[in-house]
Every structure is written in C-alpha cells, then in structure tokens.
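# Geometric and topological summary
Each chain, written out:
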Amino acid sequence: DAGVTQSPTHLIKTRGQHVTLRCSPISGHKSVSWYQQVLGQGPQFIFQYYEKEERGRGNFPDRFSARQFPNYSSELNVNALLLGDSALYLCASSGEDSKETQYFGPGTRLLVL
Amino acid sequence: GQSLEQPSEVTAVEGAIVQINCTYQTSGFYGLSWYQQHDGGAPTFLSYNALDGLEETGRFSSFLSRSDSYGYLLLQELQMKDSASYFCAVRGYSGAGSYQLTFGKGTKLSVIP
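Report follows, based on the coordinates. No experiment lies behind these values; they were computed from the predicted model shown. (Residues numbered from 1 in each chain as written. Chains lettered and ligands numbered in written order. Predicted model: local features only at pLDDT ≥ 70, side-chain atom pairs only at ≥ 80, totals over all residues. Heavy atoms only, no water.)

### Let's talk about the overall build of chain B
To keep it simple, the criterion reads: Each helix corresponds to a stretch of at least 4 residues labelled H or I by DSSP, and each strand to a stretch of at least 2 residues labelled E; elements are numbered beginning at the N terminus. Here the globule rule reads 2.2 Å times residues to the power 0.38, and the radius of gyration is calculated from C-alpha atoms. Accessible area is worked out with a 1.4 Å probe on protein chains only. A residue is then buried under 20% of its type maximum, exposed over 50%, and partly exposed in between.
Looking only at helices and strands, chain B has 0 helices and 11 strands in total. Reading the secondary structure of chain B in the N-to-C direction produces β-β-β-β-β-β-β-β-β-β-β. For chain B, whose C-alpha radius of gyration is 14 Å, the value lies close to the compact-globule estimate of 13 Å for 113 residues. Its C-alpha atoms give chain B principal-axis dimensions of about 50 × 30 × 20 Å. Every one of the 113 residues in chain B was classed for burial, and the buried ones make up 47%.

Here it is in structure tokens:
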C-alpha cells in the first residue's frame, strides 16, 4: 500500500504570492493533519480535517486555510506569503484503528524569497 | 496550552543504551508519543503511551509517568542508523472529537563508533 503522498516536493515562491500544497492520505484513512516544521524545530500543528470537516486549528494566521475532498485528499493554501513561511510542510493521516498514530508524508519544502 | 521539554542533543556510542527524557505541561493529556526523523526525512511513529508504565517495541522502549508529567524513550543496542532526531509529542483534545499532537523541539541523537 502507498503511504501518504504530497506534492510538490519543493517549491520556491516570492513574498506576497500564494501557494497550494496537496496531500493524499493512506487508503482508508479519513483524518488528515497539516504541520509546519521550521529547521531545527518540531512539527507545529496547523489543521486537522476529518470527513471533510475542520476538526482542529493551530495558532496560525488566517492566511492559512485548508480543505478536504470527498476522496479524503487535502489541500493547504497559504496566501500573502512571508519570508517566515519558509519551512517543511508535512501532511499526516491517521486511521480509525490507530487514531494515536500519525503517518507522515515526505513533506513539501517551501522557500519564500 | 501545551509545552514540552527535551534535551537538544545527545551523543552515545554504538552498542550502548541511551535515554531521551521528555517533560510536559498540558491542559489536557491523552497520551505521549515518540517520533523519529532522519535528516531530510519525514517523522515516523515509534511508540505511544496513554497509561503509566513501560511499552517495549524491539530495541525501543517508552515510559510514561502521568503524575510526574514525564516520559522517556530508551534505545538499546544502538546502531549507527539510529542517528536521527527524536521528538516527543503530547496528544491533547482540541474539541469537536478531535485530538492534536503538540511536538517538542526534538533531541538530535548522534551515535558514534
């Protein structure tokens, strides 16, 4: 079975632009979470979606938004990019039988210039 | 809110045993997880403790004391491939039937010959 997949793997944007990151969870997983990981830090929770509904939101500005589609894939959108948004963006999925386990994708490395 | 403390770096010799400690402060606690992340890679799940005591999975063991808000990850028979960053993460309730993970800043483990 395929793991969590994310696209693109790398992205370079300039300040003020917007970006859309994509994630496909493990087959059968209905919960998708997004994390931001700055170099040298642990992942920081951004959003959780379950059955297409937002179930949790971390301490991030409204420039960050997300959605989940009927096939449980998800998008993370960031508007008005700032230099400080440069980070590794991780998507993780979890299943009904192991809710405490997050399976992470390889991430999208975003560089904002 | 939630906060976690863990050592930033640990060095150990191949074949030895190393313990990585984690203390946490949280308004709602549902479990302590450990994740491993190699440079350039995604975090991978190692263990989860919801109740006090020791959980063993192969060379890795994890311990939790809820009364002390403390846990540790124990790695035995260290191998060079164990060189990575290790994160403790608290699972807390974020409302609407959702749980979110709050990660520590990570402990960089270097295994030397």
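### Some thoughts on the interface of chain B and chain A
Size of an interface: often given as the accessible area lost when the parts come together. The line we're drawing: Any two residues whose heavy atoms approach within 4.5 Å are treated as being in contact. Buried area: the sum, over both parts, of the accessible surface (1.4 Å probe) that disappears when the two are put together. In the sections that follow, a salt bridge refers to a side-chain nitrogen of Lys or Arg positioned within 4 Å of a carboxyl oxygen of Asp or Glu. Two N or O atoms form a polar contact when they lie within 3.5 Å of each other; inside protein one atom must be a possible hydrogen donor and the other a possible acceptor, and for residues adjacent in sequence the pair counts only when both atoms belong to side chains.
Taken residue by residue, the interface counts 20 residues in chain B and 20 residues in chain A. Both sides of the chain B and chain A interface together cover about 1500 Å² of buried area, and 54% of this is carbon and sulfur. Linking chain B with chain A are 0 salt bridges, by the criterion used here. Connecting chain B to chain A are 2 residue pairs in polar contact (both at pLDDT 80 or more). Broken down by secondary-structure element, the contributors of at least two residues to the side of chain B that touches chain A are β4 (31–37), β5 (44–49), β9 (84–95) and β10 (98–103) of chain B. Examining the composition of the side of chain B that touches chain A, we find that 5 residues originate from one element, β10(B), more than from any other.

### Description of unusual backbone geometry
In this structure, the amide linkage connecting A:Ser7 to the following residue, A:Pro8, adopts the cis form with an omega of -10 degrees. Within the secondary structure, A:Pro8 sits in the loop between β1 (5–7) and β2 (10–13). Although it is not a glycine, A:Ala80 adopts a positive phi angle of roughly 45 degrees. With respect to the helices and strands, A:Ala80 occurs in the loop between β8 (74–78) and β9 (87–94). Despite not being glycine, B:Ser69 shows a phi value in the positive range, around 50 degrees. Locating B:Ser69 in the fold gives a position in the loop between β7 (60–65) and β8 (70–75). With a relative accessible area of 24%, B:Ser69 lands in the partly exposed category.

### Topic: the sheet that holds β8(A)
All names here are of chain A. Operational definition: A pair of strands is labelled paired if DSSP reports no fewer than 2 bridges between them. Here an axis means a line fitted to C-alpha atoms, over the contact stretch when the element is a helix, while the angle between two N-to-C directions is reported on a 0 to 180 degree scale.
The strand order across the open sheet formed by 4 strands is β1-β3-β8-β7, and the pairing between neighbours is antiparallel. Two strands close off the open sheet at either side, each with one partner strand: β1 and β7 (64–68). Across the sheet, the axes of successive neighbouring strands diverge by a mean angle of 15 degrees, strand direction being ignored. Bridge analysis of strand β3 (residues 19–24) against β8 gives 5 bridges, and the strand direction is antiparallel. By the bridge assignment for β8, Cys-23 is matched with Ser-74.

### Re the packing of aromatic side chains
Rule in force here: Ring pairs shown here join Phe, Tyr and Trp side chains whose ring centres sit within 6.5 Å, with only the six-membered ring taken for Trp; geometry is labelled stacked below 30 degrees between planes, edge-to-face above 60, and tilted in between.
Counted under the stated rule, the structure contains 14 aromatic pairs over all chains. Considering the side-chain rings of A:Phe104 and B:Tyr35, the 5.7 Å spacing of their centres and the 90 degrees angle between planes classify their relative orientation as edge-to-face. Taken together, the positions of A:Phe104 in strand β10 (residues 103–104) and B:Tyr35 in strand β4 put the pair across two chains. Assigned by exposure class, A:Phe104 and B:Tyr35 land together as buried. Pairing B:Tyr24 with B:Phe29 gives two aromatic rings, centres 4.7 Å apart and planes at 5 degrees, and the pair type is stacked. Each residue in the set A:Tyr35, A:Phe45, A:Phe104, B:Tyr35, B:Phe45, B:Phe87 and B:Phe103 is aromatic and connected to the rest through ring pairs, giving one cluster.

### Here we look at the pattern of salt bridges
Residues and elements named next belong to chain B. What the rule picks out here adds up to 9 salt bridges over all chains. The partner of Asp-39 in a salt bridge is Lys-108, and the shortest N-O contact between them spans 3.6 Å. With Asp-39 in the loop between β4 and β5 and Lys-108 in strand β11 (residues 107–112), this pair connects stretches of sequence that are 69 residues apart. Overall, Asp-39 belongs to the exposed group, its relative accessible area being 68%. On the accessibility criterion, Lys-108 (35% relative accessible area) is partly exposed. Note that Asp-82 and Arg-59 form a salt bridge whose closest N and O atoms lie 2.8 Å from each other. One end of the pair, Asp-82, is in the loop between β8 and β9; the other, Arg-59, is in the loop between β6 (53–57) and β7, with 23 residues separating them in the sequence.

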